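# Observations on the model geometry
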Amino acid sequence: MQTDLFGVAVPSEPPSQQQLAAQYRVLLNQYNQEYYELDAPSVPDAEYDRIFRALQAIEATHPEWQTPDSPTLRVGGAALAVFSQVQHAVPMLSLNNGFEDTDVLAFVKRTEEGLQSELGQIPPIEYAADLKFDGLAISLLYRDGLLVQAATRGDGSVGEDVTENIRTIRTIPLRLRGNGIPALLEVRGEVLLFKEDFIRLNNRQRAQELKEFANPRNAAAGSLRQLDPKITAQRNLRFFAYGVGQGDLIPTVQSHTALLGWYSELGIPVCKEQTVAHNAAELLDFYRAIEKTREQLPYEIDGVVYKVNAFDQQRQLGFVARAPRFAMAHKFPAQEQLTTVQDIEVQVGRTGAITPVARLAPVQVGGVTVTNATLHNEDEIRRKDIWIGDVVIVRRAGDVIPEVVASVPTQRPVNARRFSMPTVCPHCGSAIIKLEDEAIARCSGGWITCPAQRKGGLWHFASRKAMCIDGLGEQLLDQMVDKQLIVTAADLYKLGLVNLAALDRMADKSATNIVAAIAASKKTTLARFIYALGIRHVGETTAKDLARFFGDIHPLMEATEEQLLQVDEVGPVVAKSLLAFFADPLNREVVEQLLAAGVHWPQSEQTAEALRFAGKTFVLTGTLPTLSREQAAALIEQAGGKVQSSVSKKTTMVVAGADAGSKLLKAQELGVNVIAEQDLLTMLGM
Ligand code: 5U1
């Protein structure tokens, strides 16, 4: 409040509409920064929307007040008829690619040779290493700090003017911030779509019966090369800067890392996953560390980029053809390849779910030979228009089962044929049924009739996260079922050396080991036991919550729907599934037989409140010195804590070990407590 000459408060004038508009713009830019850069929004989305609409309303009555950096420009203006062309003042180059360690050694050797003095002396060389984003290269031109033009790479010399579309990307500043804003600056980098936004976009495409995008890169490209910027505005594209075209850099920016640091100060997004290295071994360390954590990144990358850090050394090295000599992309093995669908067969899971599987002409994807890929369900086959005989794009990411991303209908052979779902189960001949509201078809046989369901259920029972019976693999279990040694999980505990010896390729020692592993599995936890039963919709987390809530198996078996619904993670679908499972006398009989065989767990007298870590959430990252991830998670959960896979503001603590990557960075950014394994053990009194 203002004061008069005598220091008495004078009510200030309410702000004019024009002043209000200016205040709204400042607020919206602040909220944007909090949301996207700091990951710490101070207001709910609804408040952002309210102020946004208020600003829109003022600008609608006074279009002359709309500034060129107004956040309202981000919804996209009128659609274009065509994109106009933009001549790049400095060509947009591509990078030379390498795939092998030897390519990196050769790059370092070439660099050293290129920089050595006439006397043959090699100067100190620093390399900057960052990520190779799987997106679309873009140039952003700022004049006096204001975004005036954005263009695609095109052929490197001439690109397309996508300024209006780029303005809709909320992480790209419409006006640079801070001091020392250059008169001219051309920022180069990559536009990309985060994985979660890609999934959301494809869900929307599917709901609207529109064609889905094959991968986030295609989706980013399709979203940016839209004549209607309003469509781009809905896609939540992102941007990371990694280079500079024309412009005036400030004197302190003499290296790639200094450039990225300066960009950050100007409000231009840069990726934090970067390092400096001094030799090939350090570059390769970065490559391997990123390769390990790649799946956890929120966006797709297809490799890493190495650059000579100092600009004067970059200039000295210069260019060859259309790529700089001072940089290289070290690509990961491709995750997508073309192959043909030789056949489509169906697999029957432990719950009877029928999954069509494409039998593929063998193809190397990401360093592994792929011969099968899941097609999920019949609807998916229709949607992706996959025929037997088609050329398809197959994708393998991390450890997940390879999948067919899309077919290439233009290469469809004349003898290609459509897949139709069989009407009876190939394993037991029972009818295959599909409930109206389910995408999945199921074998109606049940585990008693259908050997495939039985095998699946037994395999799940013995698996690592369930009863963890070492050495009891899928093939061995299949044999046991086929030779009718076992029908239910309880039969496993009746097996002796004599029965096992009858199996193919079963040496005495292996049989002894398996009998010992089965016996050892009797000592378990209630959560593992519940999970091992293979009840539909009851995954590991739900099983843990059920165990914590009921404390023993019999109270769970007798629970009413009302009681079940009180458990975290249990909704009506899970509750119904549990009730149906325990209503079946055969299932109850198997549980009793397992208990009679000696399966047991520690009887817990601790209530949730008495537990040390009750209500606390932990994230594990990196390699811990003595504990495996599973062991650390088990200790935390025994103390009532929860283990989650990603870091958020709600995370209580991050337990970090060697080579911790993006999760550690995120924790540091969010101010989440980071502890070492020893701290965890101390807190647990160990
Ligand atoms: N991280 C990164 N990606 N990327 C792509 N840096 C980088 N540099 C590039 C390209 C095409 O070109 C430089 C010559 C600026």
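Above this text sits the structure in question.
Residues numbered from 1 in each chain as written. Predicted model: local features only at pLDDT ≥ 70, side-chain atom pairs only at ≥ 80, totals over all residues. Heavy atoms only, no water.

### Re the sheet that holds strand E4 (residues 97-98)
Across a sheet, strands are paired by hydrogen bonds formed along the backbone, either parallel or antiparallel in direction. As summarised here, the arrangement of the 5 strands in space is E4-E15-E12-E5-E11, forming an open sheet in which the pairing is mixed. Two strands close off the open sheet at either side, each with one partner strand: E4 and strand E11 (275-277). Across 7 bridges, strand E5 (residues 127-133) lies against strand E12 (residues 301-308) in antiparallel orientation. Across the sheet, the residue bridging to Tyr-127 is Val-308, located in E12. Those strands touched by helix H3 (residues 101-115) are E4, E5, E12 and strand E15 (327-331), and its axis lies near 170° from that of E15. Relative to E12, helix H9 (residues 280-293) is tilted by about 160°, and along the sheet it contacts E5, E11, E12 and E15. (Pairing = 2+ DSSP bridges. Helix = DSSP H or I, 4+ residues; strand = E, 2+ residues; numbered from the N terminus. Contact = heavy atoms within 4.5 Å. Axes fitted to C-alpha atoms, helices over the stretch in contact; angles between N-to-C directions.)

### So, the packing of aromatic side chains
The tally for this structure, following the rule as stated, stands at 15 aromatic pairs. When the centroid spacing of 4.9 Å and the interplanar angle of 70° are considered together, the rings of Phe-549 and Phe-550 count as edge-to-face. Relative accessible area serves as the criterion here: at 13%, Phe-550 is assigned to the buried category. An aromatic cluster is built from Phe-133, Phe-194, Phe-240 and Tyr-299, whose rings are joined through pairwise contacts. Sitting over the ring of Tyr-48, Arg-170 keeps its end group 4.2 Å from the ring centre. Sitting over the face of the ring of Phe-194, Arg-238 holds its NZ or CZ atom 4.2 Å from the ring centroid. (Phe/Tyr/Trp six-rings, centres within 6.5 Å; stacked < 30°, edge-to-face > 60°. Buried < 20%, exposed > 50% of the residue type's maximum accessible area, 1.4 Å probe, protein only. Lys NZ or Arg CZ within 6 Å of the ring centre and 35° of its normal.)

### Section: helix H17 (residues 508-520)
Compared with an ideal rise of 1.5 Å per residue, which puts 13 residues at 18 Å, H17 spans 18 Å between its outermost C-alpha atoms and is within 8% of the ideal. Where H17 is concerned, the buried positions are Ala-511, Ile-514, Ala-517 and Ile-518. Projected down its long axis, H17 shows its buried positions confined to an angular sector of 125°, all on one face. In H17, the exposed positions angled more than 90 degrees off the buried face are occupied by Asp-508, Lys-509 and Ala-520. Looking at the buried residues of H17, the elements they touch are helix H14 (474-482), helix H15 (489-492) and helix H16 (497-501). (Expected span 1.5 Å × (residues − 1). Arc of directions from axis to C-beta.)

### Looking at the nonpolar core
Within the largest apolar cluster, 54 residues are counted, with the highest numbers of intra-cluster contacts made by Ile-469, Met-480, Leu-492, Leu-546, Ile-553 and Leu-594. Here this core gathers at least three residues from each of two domains, domain 4 (446-520) and domain 5 (526-596). Residue contacts for Leu-492: discarding those within four places in its chain leaves Phe-461, Ile-469, Leu-472, Leu-477, Met-480, Ile-486 and Ile-518. Grouped together as the second largest cluster of nonpolar side chains are 36 residues, Phe-198, Phe-213, Ala-221 and Tyr-263 included. (Core = buried A, V, L, I, M, F, W, Y, C linked by side-chain atoms within 4.5 Å. Domains from an automatic or database assignment.)

### Thoughts on the site of the ligand
Around the ligand lies a shell formed by Leu-93, Leu-95, Asp-130, Leu-131, Tyr-242, Val-305, Lys-307 and Pro-324. Between the ligand and Leu-131 there is a distance of 2.7 Å, counted from a nitrogen atom to a backbone nitrogen or oxygen. Looking at the shell around the ligand, the elements with two or more residues in it are E5 and E12. Taken together, the residues of the shell around the ligand sort by class into 6 nonpolar, no polar and 2 charged. (Near = heavy atom within 4 Å. Polar contact = N/O pair within 3.5 Å; in protein donor to acceptor, adjacent residues only side chain to side chain. Nonpolar A, V, L, I, M, F, W, Y, C, P; charged D, E, K, R; others polar.)

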